[in-house]
Amino acid sequence: EKLFFIVDNNYKDTILKPSITAEFLHTFSNIGDTGYHEVKIEVQDEDGFRSFAKESINVRLGKPEVDSIGIKAEDSDIFINDTITIQVSANDPNDTIRKVYIFYGESDIPDDSLENEKPQSIDTSFNHIFNINNTGEQKIKVRVKDNDGILSDIKETTISVKLGEPKLMGITTTDTIW
């Protein structure tokens, strides 16, 4: 008697003289393994007769995703040298977010990152100060990487950073000037 485990018509494992129950383990470990696969269990008796059961399964990538980016500041206007807090929420449907990357402006190189060991989702924050060279519309981009090494798409938001030039509000005197 033999029991065969077959994935996409490729024999993966064989058990000779199986008991009433048997267990096979197969891991789809490559990004190219995504999509539908046929899994088949085939049994052969002592006389060589065979019978099988098959099932189609869908292997998904489990790509992590940045859910939201929030900006928290003391005032509704953001000026240079103000400290803002960027709040990030992300998840990984099949395991753990390992790293959160944040980019300021047009750069494709992360300005900051955070390691993570919590399973599936993360809610975290970064503090940042824009300087005088970063006024006007400023992009904030976030990307995460999971424990499988898969990167999320970049999620971005745009804020307006004002220069905050001093303003003269007027002169008040109590004396008469001649």
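All of the points below concern the structure found in this document. (Residues numbered from 1 in each chain as written. Predicted model: local features only at pLDDT ≥ 70, side-chain atom pairs only at ≥ 80, totals over all residues. Heavy atoms only, no water.)

1. Digging into the nonpolar core
No. 1: Ranked by internal contacts, the top residues of the largest apolar core, which has 20 residues, are Ile86, Val100 and Ile140.
No. 2: Secondary-structure elements contributing two or more residues to this core are strand S5 (65-72), strand S7 (83-104), strand S9 (119-129), strand S10 (136-146) and strand S11 (155-162).
No. 3: Among the elements that make up this core, the one with the highest residue count is S7 (eight residues).
No. 4: Apart from the residues within four sequence positions on either side, Ile140 is in contact with Ile69, Ile71, Ile84, Ile86, Ile102, Phe103, Tyr104, Phe130, Lys155, Glu156, Thr157 and Ile159. (Core = buried A, V, L, I, M, F, W, Y, C linked by side-chain atoms within 4.5 Å. Buried < 20%, exposed > 50% of the residue type's maximum accessible area, 1.4 Å probe, protein only. Helix = DSSP H or I, 4+ residues; strand = E, 2+ residues; numbered from the N terminus. Contact = heavy atoms within 4.5 Å.)

2. So, unusual backbone geometry
No. 1: One non-glycine residue, Asn81, lies in positive phi territory at about 70°.
No. 2: Here Asn81 shows up in the loop between strand S6 (78-79) and S7.

3. Considering the pairing of S10
No. 1: Pairing analysis gives seven bridges linking S7 to S10, with the strands arranged antiparallel. What sits directly across from Ile97, in S10, is Asp146.
No. 2: Across seven bridges, the pairing between S10 and S11 is antiparallel. Bridge assignment links Lys141 to a residue of S11, and that residue is Glu156. (Pairing = 2+ DSSP bridges.)

4. A few points about the environment of Gly62
No. 1: Here Gly62 shows up in the loop between strand S4 (50-59) and S5.
No. 2: Along the backbone, Gly62 and Thr34 are 28 residues apart, and their C-alpha atoms lie at a distance of 9.5 Å.
No. 3: When neighbours within four sequence positions are excluded, Gly62 is seen to be in contact with Asp92, Pro93, Asn94 and Asp146.

5. Some points on the pattern of salt bridges
No. 1: For the coordinates displayed, the defined rule picks out nine salt bridges.
No. 2: Put simply, Lys139 and Glu156 hold a salt bridge, and the shortest N to O gap is 3.9 Å. Separated by 17 residues along the polypeptide, Lys139 in strand S10 and Glu156 in strand S11 bring together distant segments of the chain.
No. 3: Classification of Lys139 as partly exposed rests on a relative accessible area of 27%. (Salt bridge = Lys/Arg side-chain N within 4 Å of Asp/Glu carboxyl O.)

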